[in-house]
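# Commentary on secondary and tertiary structure
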Amino acid sequence: MRSLIKQLNQKFIIAIEKYHSIGLDLPENLVFPASNPQFGDYQCNIALSLAKKVGDKPRNIAQKIIDNLEIDEFCLPPEIAGAGFINLTLKKEYLENSLEQLLKTSLAQAIDKVDIPQKIIVDFSSPNIAKEMHVGHLRSTIIGDCLARVLEFRGHDVLRLNHVGDWGTQFGMLIAYLTEAYPDALTKPDALDLGDLVNFYKKAKERFDHDEPFKEIARLEVVKLQSGDSNSLKAWNLLCQQSRQEFQKIYNILDISLIERGESFYNPYLGHIIELLRSQQLLEENQGAHCVFLEGFNNKDGQPLPLIVQKSDGGYNYATTDLAALEYRVLKDGVDKIIYVTDAGQCDHFAQVFQVAKKAKILTQKVEAIHVPFGLVQGEDGKKLKTRSGETVKLKDLLTEAVKRARDDLQTRLLEENRTETQDFIDEVAQKVGIGAVKYADLSQNRISNYIFSFDKMLALQGNTAPYMLYAYARIQGINRENQVNQQFITTSSPQIILEDETEVILAKALLELPEVLEQVERELQPNRLCEYLYELSRKFNKFYENCQVLKSNEPLRSSRLGLCYLTANTLRLGLSLLGIKTLERM
Ligand code: ARG
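Residues numbered from 1 in each chain as written. Predicted model: local features only at pLDDT ≥ 70, side-chain atom pairs only at ≥ 80, totals over all residues. Heavy atoms only, no water.

## Considering the pattern of salt bridges
In a structure, side chains of opposite charge can pair up when their charged atoms sit close to one another. Where we set the bar: For this document, the term salt bridge refers to a Lys or Arg side-chain nitrogen within 4 Å of an Asp or Glu carboxyl oxygen. Exposure is judged per residue with a 1.4 Å probe applied to protein chains only, and the accessible area is read against the type maximum: over 50% gives exposed, under 20% gives buried, and values in between give partly exposed.
Under the defined criterion, the tally for this structure stands at 36 salt bridges. Between Lys64 and Asp56 there is a salt bridge whose closest N-O contact spans 3.0 Å. On the basis of relative accessibility, which here comes to 35%, the residue Lys64 falls in the partly exposed class. The salt bridge partner of Asp333 is Arg261, with a shortest N-O separation of 2.9 Å.

## Considerations on the site of the ligand
How we decide: Residues are classed as near a molecule or strand on a simple rule: at least one heavy atom within 4 Å of it. Here a polar contact means two N or O atoms within 3.5 Å. Within protein one must be a hydrogen donor candidate and the other an acceptor candidate, and residues neighboring in sequence count only if both atoms are side-chain atoms. Under the scheme used here, helices are H or I runs from DSSP no shorter than 4 residues and strands are E runs no shorter than 2 residues, and both carry numbers assigned from the N terminus. Classes in brief: Ala, Val, Leu, Ile, Met, Phe, Trp, Tyr, Cys and Pro nonpolar; Asp, Glu, Lys and Arg charged; the others, Gly included, polar.
Close to the ligand lie Asp123, Ser126, Asn128, His137, His163, Tyr318, Asp322, Tyr340, Thr342, Gln346 and Phe350, which account for all nearby residues. Side-chain polar atom of Asn128 to a nitrogen atom of the ligand: 2.8 Å apart, as the coordinates give it. Mapped onto the shell around the ligand, the elements with two or more residues apiece are helix 12 (318-331) and strand 11 (337-343). Here the residues of the shell around the ligand sort into three nonpolar, six polar and two charged.

## Things to note about the nonpolar core
To keep things clear, this is the line we draw: Nonpolar core, defined: a set of buried Ala, Val, Leu, Ile, Met, Phe, Trp, Tyr and Cys residues in which side-chain atoms within 4.5 Å join the residues together. Note on contacts: a residue pair qualifies if any of its non-hydrogen atoms lie within 4.5 Å across the two residues.
In terms of nonpolar packing, the biggest core is built from 158 residues, with Leu530 and Leu579 touching the most fellow members. Broken down by element, this core gets its largest block of residues, eleven residues, from helix 15 (residues 423-443). Contacts of Leu530, omitting those with residues within four sequence positions, involve Leu514, Val517, Leu518, Val521, Gly575, Leu578 and Leu579. In this structure, Val309, Ala319, Leu323 and Ala324 belong to the second largest nonpolar core, which totals 36 residues.

## With respect to the environment of Lys366
The topology assignment puts Lys366 in the loop between helix 13 (347-359) and strand 12 (368-374). As for Lys366 and Val335, which are separated by 31 residues in sequence, their C-alpha atoms are 9.1 Å apart.

## Let's talk about the packing of aromatic side chains
In this description, a pair of aromatic rings is defined by centroid distance and the angle of the planes. Applied cut-off: Two aromatic rings from Phe, Tyr or Trp, using only the six-membered ring of Trp, form a pair when their centres are within 6.5 Å; if the ring planes differ by under 30 degrees the pair is stacked, by over 60 it is edge-to-face, and anything between is tilted.
If you walk through the whole model with that rule in mind, you get 16 aromatic pairs. Both rings, one in Phe541 and one in Phe544, keep their centres 5.6 Å apart while their planes meet at 65 degrees; by these two values the pair is edge-to-face. Of this pair, Phe541 and Phe544 are both found in helix 21 (residues 528-547), three residues apart, which corresponds to roughly one turn of the helix. Through a chain of ring-to-ring contacts, three or more aromatic side chains come together here, namely Phe265, Tyr266, Tyr269 and Tyr328.

Have a look at this one:
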């Protein structure tokens, strides 16, 4: 199944070139979904913007485009409205044929892949060693995973990278504290169980802030670590290992796969970055630090702001590492595109790094680097998310709580409905609903906005929530089960699709829309577009199911309608899986 909008677009380009072939320099997208269903399904407004270039009235241009347009296969004769808008309405036969085709293959295979697959890095999650993985990292993990899934599905070669913060001066303090508080850790295997690393970090920091001799030891540890001292490296490894285990628990719960390539990986390349910048005369000295002056970033006094790449003590920083990572990804990984998913607080950082990378020709025209920012996670009071006692919320606790609440809701429902279910069933539903709810609540927001974390809202059965979507899916699967609508039924009966009722036509159009929604998610990197689509689809299905007899209608209508149920379920399952959400056959 090819994206319909793309096919129509193609037809318009051909038509315009036929009638006026010289240098019109057309925009990439000529066809859009109709702004109002009253005007049909799609519209093209190009005639208005061509008027000046062509020297004719928009309505005349629109007519000439239509004269050359070959879209009979898809649409009723196009209409010209108002000043020169071209309105398109899909033909019923086209919808019916397309759905019949769709029933003949698996949906995932039927949807077209990109023409030219790219190598794309999605840099996401990226927590910091020995520090807490906070709700910001949770957002990055959920959004990054969804974008990676969509890009993979579209046929790209995606490298999912976890750019963990595993290097930097804080390790001096951590190693110094480790040697002091756990002297056996380095010599005896398994002597170390730091458990709560965050607490360990706090204690180390306290020693560092209040004890001068300790501070000095910590400083020496940094130097030892950077010079590759084997004991320091061993201690560093132990700390990383402990954190990694904690992070992995979260990734397992969320079903996230990632390749760790932390900041330390780029350590050997940092010196080269400085040399490169120097050789291109981009490096300037400013109060002992080496930096590159930026365009478009000024300090309070309007003076250009520098991006520091080497501190006065010779140390490198976050930006230097990102420059080295960029060069490595371009040259060694051979990427076409890099997507960084972090909170909006890092917008300036990435804009600055990209600017310097372009100046230094690390980033060339062939490679696209995109920062995908997102807003803050807030508590229901609109402030930073905290526990009742005012502490920061631990991710593991937050996910456990979501599953617990989903379980409570389920148990209440079972009681009300007088149902008994096995423990396995209850566990599975609670897990999938709880985790699905956390993910969906995040993905269904416009990611730029701050988002209010509310268990009650995300677990509600009504509205644009995971439970609603999962329930809609399970309900359709119930209908399918009851009527033995499965792959075998579809293959043996290959139902004819007949769209009789208006609600069926609307549902059919929605079912055929998935490819263009996925293209849009790829283009705009906005998962909420997919959520909106799935929500609309399930609402359109409900309207259809309310209005149309399915089981009681006569053949061939009955099979046609069962075919629509089958396609809706498949579309919901596929869409949810691209959001990283697992469906339930029953709940
Ligand atoms: N570790 C960083 C943080 O916790 C995020 C890293 C994002 N990726 C990158 N290449 N800078 O904020």
